[in-house]
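# Structure assessment
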Amino acid sequence: MDTLVAALRSFLPGDSVITDPVRLRTYECDGLTYHRATPGVVVLPGTAEQVARVVRLCNEHGVPFVARGSGTGLSGGALPREDGVLIVTSKMRAILEIDLPNRRAVVEPGVTNLAITEAVRDRGYYYAPDPSSQQVCSIGGNVAENSGGAHCLKYGFTVNHVEACEIVTPDGDLVTLDRMDPGYDLLGAFIGSEGTLGIATRITVRLCRAPEAVTTVLAAFESIEQGGQAVSAIIGAGIVPAAIEMMDALAIEAAEAAVACSYPEGAGAVLIVELDGPAEEVARQFARLQEICANAFELRVAADPAERAAIWKGRKSAFAAVGRISPAYIVQDGVVPRTSLPAVLAAIDRLSAQHGIRVANVFHAGDGNLHPLVLFDDEEPGAGERAEVVSGAILDLCIEHGGSITGEHGVGVDKSRYMPKMFSADDLDTMQLVRCAFDPRGLANPGKVFPTPRLCGEVPGVRKGVHPLVESGKAEQF
């Protein structure tokens with residue numbers, strides 16, 4: 001590692017190569033603090049060419065590398081390696097081009113999600129994907145995780161809004177993947193690959209026209225079951241809201257403690273519904289929405305952008321707010337069919353009571369994307385283990401109901417062990433062959449996504465005997 005560090009210092013500024021043990025700890029985890037590892041060295045390149053040179057050096061020395069944007073990920077996707085290099089893109093924050101006639105913007109990977117919208121808002125445009133962390137999360141991280149957000153129900157995920165990516169491949173080449181490239185959709189394969197197929201260094205995103213009208217509604221229900229029934233009725237009526245979000249009583253309690261969002265007192269659940277589009281269509285949908293939510297004990301409609309922001313304030317702060325009512329928590333990210341929401345939420349309640357672990361529910365109700373927040377006290381012996389059990393059982397519920405172990409947070413290190421519950425060995429081998437085609441040496445973000453660090457060159461198929469890494473205790477196979 002010393003030889004590699006010396007080579008890195010030969011072309012990176014002094015403050016862009018971090019080896020001080022105290023400063024390294026700043027990067028020991030992403031937004032999922034349950035998993036931690038101190039990186040061997042951290043570099044902060046300022047250009048794509050510097051990123052490529054770092055990756056080539058890692059190849060020369062056989063050292064693994066992990067890319068990191070703002071570190072807001074919630075699956076341990078940017079968890080560093082103690083024997084590796086952490087490549088942080090936070091110095092690459094330039095908006096390089098805005099092309100409104102073609103509705104495109106070209107940005108560096110460290111640009112924050114919200115900064116794109118702020119750059120074009122006064123000209124009537126915006127960038128649609130909006131994770132809750134959009135004020136600080138980076139576009140590079142959004143590409144790695146295929147991030148969504150509250151408005152992905154109507155507008156889709158990051159993969160639907162990226163036109164091209166310049167990337168550094170795992171062997172250090174700079175190449176561009178474009179939506180218009182003939183042949184295989186390599187851009188589609190790259191987006192959401194969690195840093196295992198390379199590092200994005202320049203991203204071309206699609207800009208959307210701001211809608212003519214927006215109506216934001218907060219409906220308060222006595223129970224989460226009533227809220228769930230309203231969600232099904234709204235979608236069943238043929239309404240596709242821009243967003244439809246739900247929070248249960250515990251999540252509301254946390255948001256009130258953190259940001260005083262003034263949601264209706266005594267609500268068992270609140271539903272936030274946002275309608276957008278042509279004014280006449282929004283008015284028609286709102287009239288129908290009022291009929292559907294007739295059993296809500298309060299229906300609050302934002303009269304202006306300030307009131308709209310106030311309604312969203314509690315929802316956008318929900319994850320961080322939970323820190324006010326619990327010293328530690330796990331954020332889960334599973335998906336179920338909308339029709340299964342009542343049954344799955346009831347089962348989560350039973351799991352919570354059975355294990356003595358509180359669970360706050362915040363979710364994108366329109367597409368069944370659950371974000372249960374599993375609360376525990378990490379000072380209490382055994383509490384973390386019980387929380388892990390509940391967290392895993394929630395993912396099992398999602399699979400049993402025909403859903404997925406992840407909606408928008410990625411697999412990372414946190415959920416890699418659940419992949420065999422959702423995919424067959426043949427499925428995983430096929431995915432691994434794709435990864436090996438990009439990264440035959442397995443140096444790009446190893447240990448993420450896949451449950452065992454299978455080596456490129458292994459023949460896919462039925463396992464014969466125990467994997468050497470399993471036998472040595474370095475890996476676990478389910």
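Please read these numbers as outputs of a predicted model, since none were measured by experiment.

### So, the pairing of strand β4 (residues 85-88)
- In β4, alternate side chains face the same way, and those of V85 and I87 on one face and L86 and V88 on the other are all buried.
- Pairing analysis gives 4 bridges linking strand β3 (residues 65-68) to β4, with the strands arranged parallel. Across the sheet, F65 pairs through a bridge with V85, a residue of β4.

### Some details on the nonpolar core
- One finds I234, M246, L271, L289, F363 and L370 to be the most contacted residues of the largest nonpolar core, which totals 44 residues.
- Apart from the residues within four sequence positions on either side, F363 is in contact with I224, I244, E245, M246, L341, L345, N369, L370 and H371.
- Counting 30 residues, the second largest nonpolar core, distinct from the first, contains A243, C261, F319 and L373.

### Side note on the sheet that holds strand β9 (residues 174-178)
- Taken in spatial order, the 5 strands line up as β5-β6-β10-β8-β9 in an open sheet, and their pairing is antiparallel. One side of each edge strand has no neighbouring strand; the edge strands of this open sheet are β5 (95-99) and β9. Shown here is a sheet whose adjacent strand axes are inclined to one another by a mean of 15°, direction ignored.
- Pairing geometry for strand β6 (residues 104-107) and strand β10 (residues 199-206), over 4 bridges, is antiparallel. From the neighbouring strand, V106 faces β10, where its bridge partner is T204.
- Lying on the sheet, helix α3 (residues 48-61) is in contact with β8 (162-168), β9 and β10; it crosses β8 at an angle near 50°.
- Along the sheet, helix α4 (residues 113-120) contacts β5, β6 and β10; its crossing angle with β5, the most-contacted strand, is approximately 45°.

### Considering the sheet that holds β4
- Pairing is mixed across the open sheet formed by 4 strands, whose spatial order is β1-β2-β4-β3. The open sheet has two edge strands, β1 (17-18) and β3, and neither has a second partner.
- Note that strand β2 (residues 41-43) and β4 share 3 bridges and pair parallel. Residue pairing for β4: V43 is matched across the bridge by I87.
- Of the strands in this sheet, β2, β3 and β4 touch α3, which is tilted by about 170° from β4.

### Examining the environment of A328
- Relative to the helices and strands, A328 is located in strand β16 (residues 328-331).
- The class of A328 is buried, set by a relative accessible area of 11%.
- In this structure the C-alpha to C-alpha distance between A328 and V43, which are 285 residues apart in sequence, comes to 29 Å.
- Discounting residues that sit within four places of it in the chain, A328 has contacts with V374, L375, F376 and D378.

### Considerations on the pairing of strand β13 (residues 243-248)
- Within β13, 6 of the 6 residues are buried, which leaves the element mostly enclosed by the surrounding structure.
- Alternating positions in β13 separate into two faces, A243, E245 and M247 on one and I244, M246 and D248 on the other, with burial throughout.
- When β13 meets strand β14 (residues 269-277), the two strands line up antiparallel, connected through 6 bridges. When the sheet's bridge partners are listed, I244 is paired in β14 with V273.
- In this structure, β13 lies alongside strand β18 (residues 359-364), joined through 3 bridges in antiparallel fashion. In the strand pairing of β18, M247 is matched with V362.

### Digging into helix α13 (residues 341-355)
- Its 15 residues place the ends of α13 21 Å apart at the C-alpha level, agreeing with the 21 Å of an ideal helix rising 1.5 Å per residue.
- Inspection of α13 places L341, V344, L345, A347, I348, L351 and S352 among the buried residues, and these make up the whole buried set. Down the axis, α13 shows its buried residues gathered within 160° of arc, on one side only. Facing away from the buried surface of α13 by more than 90 degrees, the exposed residues are R350, A353 and Q354.
- G356 lies just past α13 and shows a positive phi near 65°.

### A short note on the packing of aromatic side chains
- According to the stated counting rule, one finds 1 aromatic pair in the structure shown.
- Positioned above the aromatic ring of W312 is the side chain of K316, whose terminal nitrogen or guanidinium carbon lies 5.7 Å from the ring centre.

What counts and how
- Residues numbered from 1 in each chain as written.
- Predicted model: local features only at pLDDT ≥ 70, side-chain atom pairs only at ≥ 80, totals over all residues.
- Heavy atoms only, no water.
- Buried < 20%, exposed > 50% of the residue type's maximum accessible area, 1.4 Å probe, protein only.
- Helix = DSSP H or I, 4+ residues; strand = E, 2+ residues; numbered from the N terminus.
- Pairing = 2+ DSSP bridges.
- Core = buried A, V, L, I, M, F, W, Y, C linked by side-chain atoms within 4.5 Å.
- Contact = heavy atoms within 4.5 Å.
- Axes fitted to C-alpha atoms, helices over the stretch in contact; angles between N-to-C directions.
- Expected span 1.5 Å × (residues − 1).
- Arc of directions from axis to C-beta.
- Phe/Tyr/Trp six-rings, centres within 6.5 Å; stacked < 30°, edge-to-face > 60°.
- Lys NZ or Arg CZ within 6 Å of the ring centre and 35° of its normal.

The quantities given are spatial measurements derived from coordinates; they are silent on function.
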